[in-house]
There are 2 protein chains.
Amino acid sequence: MQIFRIVVDEREKNSSVHLYLRNMGVRVLFRRLSVADYVLSGDCAVERKNVKDFVKSIIDGRLFDQAYRLSQAYSRSSIIVEGDVKLAYSSLKAGSKSFWGALAYVWMVFGVPSFFTLNERETAELIHALIKHEQGEVKKRIYIRSKPKLESLADRQLFVVQSFPGVGPKLALRLLKTLGSIKNIVNASPAELSMIEGLGRQRAIQLVNFFNSMYREVSRDSGQVKLDDIGVR
Amino acid sequence: MQIFRIVVDEREKNSSVHLYLRNMGVRVLFRRLSVADYVLSGDCAVERKNVKDFVKSIIDGRLFDQAYRLSQAYSRSSIIVEGDVKLAYSSLKAGSKSFWGALAYVWMVFGVPSFFTLNERETAELIHALIKHEQGEVKKRIYIRSKPKLESLADRQLFVVQSFPGVGPKLALRLLKTLGSIKNIVNASPAELSMIEGLGRQRAIQLVNFFNSMYREVSRDSGQVKLDDIGVR
DNA sequence: ATAGCCGGGTGGTGA
DNA sequence: TCACCACCCGGCTAT
């Protein structure tokens, strides 16, 4: 399992969220942050509030200010509201109207969604899930819809060819029929490829480039590089 | 007071959300929609699900498909989950991990947040609040989200390599890292392949055979109808 | 989505 | 070299 890192505002020390995170194997760094509470990366951060705070910040308008600053500083930020939501819109004067209004406002205007958790453990779980997508390695697994005979050679070949960019079921079939094997396809010249019906010169070249292009590891930072500058805003 | 309009999928007629909306002074138009349930504008739409549906769609992966389509069709879309949330992650007993995981996934990957309401009235109130910001006079929108590039070259390459038989995320990564390009992998000798950690002689040979083997059309007695049905999720 | 199980290949160890 | 075995990985199933 990969090591995840997070920067947490010092004032969050008294909650136990960071303890849960530690338990989940997340490296926690404390810093004095000016905008968010939890920084997951250079452009992803989370503000945590309990329900009482949330309500108060709706009333005095602080919420919208914070959402604005979040949206300015990080391209993907969100607010986590912790506690019993019921409490929220029962304590709002205008009732639930202003509650949904606030949610809608923050989302529609600033692009900041709000998540609701019941306690610190859930908050930690959510943050952990968010981190995994922000820092996690790509684990896109491929899935087959229906498998009449998944294990037949032909099916496997089709499956592979279909995974090429811009190649669907029909094109895959024609490719295999005309060129025979996967190796033949991969080694084919643009000219050979564009012989195939439905595959023009343009895409043929794209494909060839695709096969030839070198893999470059995603510079999803290697950890220690930007830890210092994370969250300084 | 300005008049707001909304387009609602026909299949939503049996819920009473649209009635509430009418009561709030919203013009409701029914249409057959292919992606969302409620369309607030050309680039804002909402998918409504009850908790049971929500859970089911997590399990069978439908949720992620829908979120993807939402994000493609509308620049600012969201999912409204109606009902008792508790019910949700109690039926996903994986410690609610998969619940938060799904929420995080849909938000981080597709930019689609999920809102939770208790009943149809609340759903209507939320939608109403959303409309006000979408169609309201002041459309000051700060939110500019850079769409997460799901199709980086590296991702595509990984995707293809993972589709090879017996190759999962880990092996795919190592293969690309050591051999560089897809063409290199396909043309590699068994010896070269088995240099890779976790890929021994046996599988190396299998792979090479796989790349070389000629495609043989499967003769399905019921006619070759099903060839198109092999799909990638 | 996540957790967990299973079957099998891999690669190291020691004979 | 080979047999053994612990571990890892990929594939599949279930809550």
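Residue indices follow the written sequence of each chain, beginning from 1 at its first position. Naming scheme: in the order in which they are written, chains are lettered from A and ligands are numbered from 1. Local features in this predicted model are restricted to residues whose pLDDT is 70 or higher, and side-chain atom pairs enter the listing and the counts only when it is 80 or higher, whereas totals over whole chains, interfaces and linings include all residues. Based on all heavy atoms of the structure, the side-chain values leave hydrogens and waters out of the count.

## Some points on the interface of chain A and chain B
Logical step 1: Residue contacts follow a heavy-atom distance rule, with two residues in contact if any of their heavy atoms lie within 4.5 Å. Each partner contributes residues to the interface: chain A has 76 residues there, and chain B has 81 residues.
Logical step 2: Buried surface at the junction of chain A and chain B, both sides included, amounts to about 7500 Å², of which 66% is carbon and sulfur.
Logical step 3: One speaks of a salt bridge when a side-chain nitrogen belonging to Lys or Arg is within 4 Å of a carboxyl oxygen belonging to Asp or Glu. At the boundary of chain A and chain B, one finds zero salt bridges.
Logical step 4: Residues adjacent in sequence count toward polar contacts only when both atoms are side-chain atoms; beyond that, a polar contact is any pair of N or O atoms within 3.5 Å, and within protein one must be able to donate a hydrogen and the other to accept it. At the boundary of chain A and chain B, one finds 16 residue pairs in polar contact (both at pLDDT 80 or more). The buried area of a pairing is the accessible area, by a 1.4 Å probe, that goes missing from both parts when the two are put together, added over both.

## With respect to the sheet that holds strand 1 (residues 4–9) of chain A
All names here are of chain A.
Logical step 1: Pairing between strands is defined by DSSP: at least two bridges between the two strands are required. Under the scheme used here, helices are H or I runs from DSSP no shorter than 4 residues and strands are E runs no shorter than 2 residues, and both carry numbers assigned from the N terminus. Strand order in this open sheet of six strands is 2-1-3-4-5-6, and the pairing throughout is mixed. The open sheet has two edge strands, strand 2 (26–31) and strand 6 (114–117), and neither has a second partner. Sheet twist, expressed as the average angle between the axes of neighbouring strands with direction ignored, equals 25°.
Logical step 2: Direction of pairing for strand 4 (residues 44–50) relative to strand 5 (residues 76–82): parallel, over a ladder of seven bridges. Across the sheet, residue K49 finds its bridge partner in strand 5, namely V81. Fitted lines through C-alpha atoms give the axes, limited to the stretch in contact for helices. The angle between two N-to-C directions lies from 0 to 180 degrees.

## Re the side chain of D37 of chain A
Residues and elements named next belong to chain A.
Logical step 1: Relative to the assigned elements, D37 resides in the loop between strand 2 and strand 3 (38–41).
Logical step 2: For each residue, the accessible area found with a 1.4 Å probe, counting protein chains only, is set against the maximum for its type, and the residue is called buried under 20%, exposed over 50%, and partly exposed in between. Counting rule applied: Lys, Arg positive; Asp, Glu negative; His and chain ends not counted. Here D37 occupies a buried position and makes no salt bridge, while the nearest side chain of opposite charge, R11, is found at 6.0 Å.
Logical step 3: At 2.9 Å, the side chain of D37 and the backbone nitrogen of R48 are in polar contact.
Logical step 4: Excluding residues that lie within four positions of it along the chain, D37 makes contacts with V7, V8, D9, E12, V46, E47 and R48.

## Brief notes about the sheet that holds strand 6 (residues 114–117) of chain B
Residue and element names in this part refer to chain B.
Logical step 1: The six strands are arranged 2-1-3-4-5-6 in an open sheet whose pairing can be described as mixed. With one partner strand each, in any of the chains shown, strand 2 (26–31) and strand 6 form the two edges of the open sheet. Shown here is a sheet whose adjacent strand axes are inclined to one another by a mean of 25°, direction ignored.
Logical step 2: Sheet analysis places strand 3 (residues 38–41) next to strand 4 (residues 44–50), joined by three bridges and oriented antiparallel. When the bridges of strand 4 are listed, V39 appears paired with A45.
Logical step 3: Lying on the sheet, helix 2 (residues 51–59) is in contact with strand 4 and strand 5 (76–82); it crosses strand 4 at an angle near 100°.

## As for the layout of surface pockets
Logical step 1: Put simply, the second largest pocket is a space of about 420 Å³.
Logical step 2: Lining residues are defined by having an atom within 4 Å of a point belonging to a cavity or pocket. Those points lie on a 1 Å grid over the protein atoms alone, cavities being sets where a 1.4 Å probe fits but cannot get out and pockets being open sets with protein on both sides within 12 Å along at least five of seven lines. Lining the second largest pocket are 24 residues; nearest its centre among them are V85, F116 and L118 of chain A together with V85 and L118 of chain B.
Logical step 3: Elements with a contribution of two residues or more to the lining of the second largest pocket: helix 4 (85–90), helix 5 (96–110) and strand 6 of chain A together with helix 4 (85–91), helix 5 (97–110) and strand 6 of chain B. Grid points are joined across faces, edges and corners, and a volume is the space filled by probe spheres set on the points.

## Things to note about the nonpolar core
Logical step 1: Among the buried residues, those of types Ala, Val, Leu, Ile, Met, Phe, Trp, Tyr and Cys that are joined through side-chain atoms within 4.5 Å form a nonpolar core. I6, L21 and Y38 of chain A together with I6, L21, Y38 and F99 of chain B are the most contacted members of the largest nonpolar core, which has 101 residues in total.
Logical step 2: For this core, the leading source of residues is helix 5 of chain A, giving eleven residues.
Logical step 3: Every residue in contact with L21 of chain A, bar those within four places of it in the chain, is listed here: I6, V26, V28, Y38, A124, I127 and H128 of chain A.
Logical step 4: Within the second largest apolar cluster, 49 residues are counted, among which are A172 and L207 of chain A together with A154 and V167 of chain B.

## Brief notes about the protein's contact with DNA strand C
All names here are of chain B.
Logical step 1: Surveying the vicinity of DNA strand C reveals 16 residues, the closest of which are S98, G198, G200, Q202 and R203.
Logical step 2: When at least one non-hydrogen atom of a residue lies within 4 Å of a molecule or strand, that residue is treated as near it. Restricting attention to atoms of DNA strand C within 4 Å of the protein, one finds that 88% of them are sugar or phosphate atoms.
Logical step 3: Backbone polar atom of G198 to a phosphate oxygen of DNA strand C: 2.8 Å apart, as the coordinates give it.
Logical step 4: Separating a phosphate oxygen of DNA strand C from a backbone N or O atom of R203 is a distance of 2.9 Å.
Logical step 5: Sorting the residues of the surface near DNA strand C by element identifies helix 2, helix 5 and helix 11 (201–212) as the ones contributing at least two each.
Logical step 6: Per-element tally for the surface near DNA strand C: the top contributor is helix 5, with four residues.

## A look at the domain arrangement of chain A
Logical step 1: Assigned domains of chain A: these are domain 1 (5–135) and domain 2 (153–230).
Logical step 2: For the domains described, the bounds stem from an automatic or database domain assignment. Spacing between the C-alpha centres of domain 1 of chain A and domain 2 of chain A amounts to 41 Å.

## A look at the pattern of salt bridges
Logical step 1: The final tally for this structure, using the stated rule, is 19 salt bridges over all chains.
Logical step 2: As a salt-bridge pair, R62 of chain B and D60 of chain B come within 2.9 Å of each other at their nearest N and O atoms.
Logical step 3: Taken together, the shared-partner salt bridges connect E12, R48, E82 and E120 of chain A into one network.

## Considerations on helix 7 (residues 153–162) of chain B
Logical step 1: Across the ten residues that make up helix 7 of chain B, a large majority, seven, are buried.
Logical step 2: Within the span of helix 7 of chain B, buried status applies to A154, D155, Q157, L158, V160, V161 and Q162 of chain B.
Logical step 3: Contacts from the buried residues of helix 7 of chain B go to helix 11 (201–212) of chain A together with helix 8 (169–179) and helix 9 (182–187) of chain B.

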